[in-house]
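# A look at the structure
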Amino acid sequence: MDEQALLGLNPNADSDFRQRALAYFEQLKISPDAWQVCAEALAQRTYSDDHIKFFCFQVLEHQVKYKYSELTTIQQQLIRETLISWLQAQMLNPQPEKTFIRNKAAQVFALLFVTEYLTKWPKFFFDILSVVDLNPRGVDLYLRILMAIDSELVDRDVVHTSEEARRNTLIKDTMREQCIPNLVESWYQILQNYQYTNSEVTCQCLEVVGAYVSWIDLSLIANDRFINMLLGHMSIEVLREEACDCLFEIVNKGMDPVDKMKLVESLCQVLQSAGFFSIDQEEDVDFLARFSKLVNGMGQSLIVSWTKLIKSGDIKNAQEALQAIETKVALMLQLLIHEDDDISSNIIGFCYDYLHILKQLTVLSDQQKANVEAIMLAVMKKLTYDEEYNFENEGEDEAMFVEYRKQLKLLLDRLAQVSPELLLASVRRVFSSTLQNWQTTRFMEVEVAIRLLYMLAEALPVSHGAHFSGDVSKASALQDMMRTLVTSGVSSYQHTSVTLEFFETVVRYEKFFTVEPQHIPCVLMAFLDHRGLRHNSAKVRSRTAYLFSRFVKSLNKQMNPFIEDILNRIQDLLELSPPENGYQSLLSSDDQLFIYETAGVLIVNSEYPAERKQALMRNLLTPLMEKFKILLEKLMLAQDEERQASLADCLNHAVGFASRTSKAFSNKQTVKQCGCSEVYLDCLQTFLPALSCPLQKDVLRSGVRTFLHRMIICLEEEVLPFIPSASEHMLKDCEAKDLQEFIPLINQITAKFKIQVSPFLQQMFMPLLHAIFEVLLRPAEENDQSAALEKQMLRRSYFAFLQTVTGSGMSEVIANQGAENVERVLITVIQGAVEYPDPIAQKTCFIILSKLVELWGGKDGPVGFADFVYKHIVPACFLAPLKQTFDLADAQTVLALSECAVTLKTIHLKRGPECVQYLQQEYLPSLQVAPEIIQEFCQALQQPDAKVFKNYLKVFFQRAKP
């Protein structure tokens, strides 16, 4: 072995040595006999360095996994013997190997097992057990090997081929027949031997039992001697968590519903009499979290049994199952209300499924009603934040609590389905009593009271948020709570969580303000002052900016009296903050987008005459235009790259803000009707010069491009005079990404204005294509994935452009480019259909081809096109699906094939019998297709129903492919 290279295996080695070690590993993987050197080193214990031992196992692993079939019988025998002699050596080692080496060795054993067990090594387990016996080191390795085998055979996270899946099923069947009883016996012996003396081995063994229980005969484990031993382990502190998990796996095993019920009940009786149900006496939260998972498993198993028994009509046993479930509810509630969220979270599944049962019962007993109420109180209590929650710097613990809250929300929704009246009454009681004394109540209780009101909106669903009409008692209860919320002054509570919950709830129930509009001014003030957009927390300001825009949009009819006042008050929030003045604005530029949108909505939806709207819009946009001109001049002169970037960002924000104001216009309130065309045309003229700025092209172009997209929608044909020069600038010094983003703009113009832009398209068609081809033909590194992906996306964009042109009835744009260019374009479409294994692009290419055949394929089509059809388009329809990369099991590819069928049908439609004759006499015989199949193909093609031919074509190519 290359001793120098092996030095690089040490994690502390320098990078040159590490590189050399990696290269050596790759070399050994390819070498036909390097594995023998490694096998010998392991068997003779040549090296003491852990990293080298691990390395040797890695080389062996590669050999067994990828190249085993290349070995001779003697070499395969050598690998078996090496592993067994290494195992024997472990019994005598003064010190056990490091865990990572033992795990790697176990993986190699497991790989060899799945390869050899069915054929050459049926005595695998017998051989290993005869070496390890009850030696604790040997037992440790034996158990690790078993876990590695289990993950090879049944791990759901590993993706297996269908061949491997078949092999794994066969191995499990053979193991069940031949050796599982012996393995189970060995586990029992290990547990009995080591339960009081070696907790590590015992826990490992319990883990193995838990893993194998899912696929072996349960009666081997669910019997008195095993269960009694496991229950004994539940009382031993170092074993009980693992014993709990093992019992959980036993309970989870699928089986007959009545047998399952008996198993769970007998387990529960023993656990209860041993005192495990007295939760308040238990202080170990880690154990309780596992115990909670076990109780959850038992409860859910009983519910599955009940469901199956009800389905099969076995009412007597179903009744027993329900009784068994009911007796676990008290324990479930204790776990649900536990102050540790993990313990509580683990029982939610049982709780949720129990409520689902109650939902199906026609009438609830008093006890069941009391259970529902108890669950409701538990959920309300557990939704509450604790003192430690860090609102300013949320970490992992906070994220876990947010997830836990989502689980509780599902419970609340389920409670609403069981008893909506009870939920409403309970929330109202908590809400009213809390808000009466909010000044003296802790923040988490105020937050949860408002949160519950917020959650009712989803728990008691109505269409379009109409909570304040329909059911009178519900509407008046919600109306009362909303009135209390907005008049109590709680919006001034000094805690971000309460403030945010207040605004979220106000927006969630915006329909309340159409019923009681007198409360709008005080809520607007809360949004606009130190409670909302000027709050001292950036998080609150940011969220409020979004919520404010939603509030204004949804209540725009009620906003008219307040428009001027709001616009004045948000003036300072609209400031474009240039990078140089060090002024830190209250809102980020993303938040400012919402404020601009809100301003636009207020102006456009106001009842003002058009002149007033125009004046207000000009006031809003003029400062942006002025700043833009100044900043663009500064950018042209800026030397420092960092300053260039920050100026370009600022320019981009200005364009983005102007774009965003235009979102307020609609089909009814168009830019023209509001008299605002001129303002936006001024913006266009101000922003377009940025396209010719040689600095920071990416940022500036993308902003202006987005603005153009918006203006095409808003200004319609008024935008057309600006398009040619904008396009010219955007096509200069293009990268793949620029073109990819520019093409959708041209597509939008083409699809919207069609014939109006024909002259422009004809003029820029070839320059655009030259720019695209130039980028596509640029050489790239062979393994540069991102460059390959960029080219693929550009190719798709190019074909999408051709599809838009042909699909908008503008084929003359292509036809007028001169015969040579037309042919060049058509050949690229043929290449796209056949040569590149990208089904999305292939589908587009076939759509283009069938459209062109439809337009030009008749008797009066362009000269030479009929020849092109037979020379290129017909062959493409066969060559593409015959490629190995054309995968008929893939959904996208099937769509491409469907368009290929449409192309052939269109050719037949336009060329008639001549097409059939060509296929019959020339083309299909040239592919060596049998005469009877040719006959069948041509008949299918002539069927009037296109679907028949599509289905036939798929079968045709499935048969044709090897």
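This report concerns the structure included in the present document. (Residues numbered from 1 in each chain as written. Predicted model: local features only at pLDDT ≥ 70, side-chain atom pairs only at ≥ 80, totals over all residues. Heavy atoms only, no water.)

Another aspect to go through is the pattern of salt bridges. A side chain of one charge can pair with a side chain of the opposite charge if their charged atoms are brought near each other. Applying the stated rule across the entire model yields 50 salt bridges. Note that Arg-543 and Glu-504 form a salt bridge whose closest N and O atoms lie 2.6 Å from each other. A residue pair is termed long-range when its members are at least 10 positions apart, and Arg-543 in helix α28 (residues 538-554) and Glu-504 in helix α25 (residues 496-508) qualify at 39 residues. We classify Arg-543 as partly exposed; its relative accessible area is 32%. A salt bridge links Arg-796 to Asp-838; the nearest nitrogen and oxygen atoms lie 2.8 Å apart. Residue Arg-796 is located in helix α38 (residues 785-807), and its partner Asp-838 is located in the loop between α40 (819-834) and α41 (839-856); the two are separated by 42 residues in the primary sequence. The exposure class assigned to Arg-796 is partly exposed, which follows from its relative accessible area of 22%. (Salt bridge = Lys/Arg side-chain N within 4 Å of Asp/Glu carboxyl O. Helix = DSSP H or I, 4+ residues; strand = E, 2+ residues; numbered from the N terminus. Buried < 20%, exposed > 50% of the residue type's maximum accessible area, 1.4 Å probe, protein only.)

Once that is clear, we can look at the state of the cysteines. Overall, the coordinates contain 0 disulfides when judged by the stated rule. Left unpaired, Cys-203 is separated from the closest cysteine sulfur, that of Cys-205, by 10 Å. In this model Cys-683 remains outside any disulfide bridge; the closest cysteine sulfur is found in Cys-676, 10 Å from its own. (Disulfide = S-S within 2.5 Å.)

This paragraph deals with the packing of aromatic side chains. Summed over all chains, the structure comprises 52 aromatic pairs. Counting every residue linked through ring pairs, the aromatic cluster contains Phe-468, Phe-502, Phe-503, Tyr-509, Phe-512, Phe-513, Phe-527, Phe-548 and Phe-551. The positively charged end of Arg-225 is found above the aromatic ring belonging to Tyr-188, 4.0 Å away from the centroid. Against the face of Tyr-836 rests Arg-795, its NZ or CZ located 3.9 Å from the ring centre. (Phe/Tyr/Trp six-rings, centres within 6.5 Å; stacked < 30°, edge-to-face > 60°. Lys NZ or Arg CZ within 6 Å of the ring centre and 35° of its normal.)

Even without being glycine, Arg-45 reaches a positive phi, approximately 50 degrees. Phi is positive for Asp-733, which is not a glycine, with a value near 40 degrees. Looking at the secondary structure, you find Asp-733 in the loop between α35 (723-730) and α36 (736-753).

As for its placement among the helices and strands, Ala-615 is situated in helix α31 (residues 610-637). Along the primary structure Ala-615 and Gln-884 are separated by 269 residues, whereas in three dimensions their C-alpha atoms are 64 Å apart.

Take helix α15 (residues 285-312) next. In this model, α15 (28 residues) spans 40 Å end to end at C-alpha, consistent with the 40 Å of a helix rising 1.5 Å per residue. A side-chain oxygen of the first residue of α15 lies 3.1 Å from the backbone nitrogen of Asp-286; this N-cap is Asp-284. The first or second residue beyond α15 is Gly-313, which carries a positive phi of 80 degrees. (Expected span 1.5 Å × (residues − 1). Polar contact = N/O pair within 3.5 Å; in protein donor to acceptor, adjacent residues only side chain to side chain.)

Running from N to C, α31 and helix α32 (residues 641-661) point in directions that differ by 155 degrees, and their axes come no closer than 10 Å. Compared by their axis directions, α31 and α32 come out roughly antiparallel. Here α31 runs over α32; the crossing is left-handed. Across from Leu-620, Leu-621, Leu-624, Phe-628, Leu-631, Leu-632, Lys-634 and Leu-635 in α31, the residues of α32 making contact are Arg-643, Gln-644, Leu-647, Cys-650, Leu-651, Ala-654, Val-655, Phe-657, Ala-658 and Thr-661. When grouped by side-chain class, the residues that make up the contact of α31 with α32 number 14 nonpolar, 2 polar and 2 charged. (Axes fitted to C-alpha atoms, helices over the stretch in contact; angles between N-to-C directions. Parallel < 35°, antiparallel > 145°, perpendicular 65-115°, else oblique. Left-handed = near helix turned anticlockwise from the far one by under 90°. Contact = heavy atoms within 4.5 Å. Nonpolar A, V, L, I, M, F, W, Y, C, P; charged D, E, K, R; others polar.)

The next thing to look at is helix α45 (residues 931-941). Regarding α45, the residues found buried are Ile-934, Phe-937, Cys-938, Ala-940 and Leu-941. Down the axis of α45, the buried side of the element spans an arc of 160 degrees, and every buried residue falls inside it. Close packing links the buried residues of α45 with α42 (865-882), α43 (891-911), α44 (913-926) and α46 (946-960). (Arc of directions from axis to C-beta.)

Relative to the helices and strands, Phe-57 is located in helix α4 (residues 50-66). Under the relative-accessibility criterion, Phe-57 is labelled buried at 0%. With 22 residues separating them along the chain, Phe-57 and Trp-35 place their C-alpha atoms 9.1 Å apart. If sequence neighbours within four positions are ignored, Phe-57 has contacts with Leu-42, Leu-83, Trp-86, Ile-101, Lys-104, Ala-105 and Val-108.

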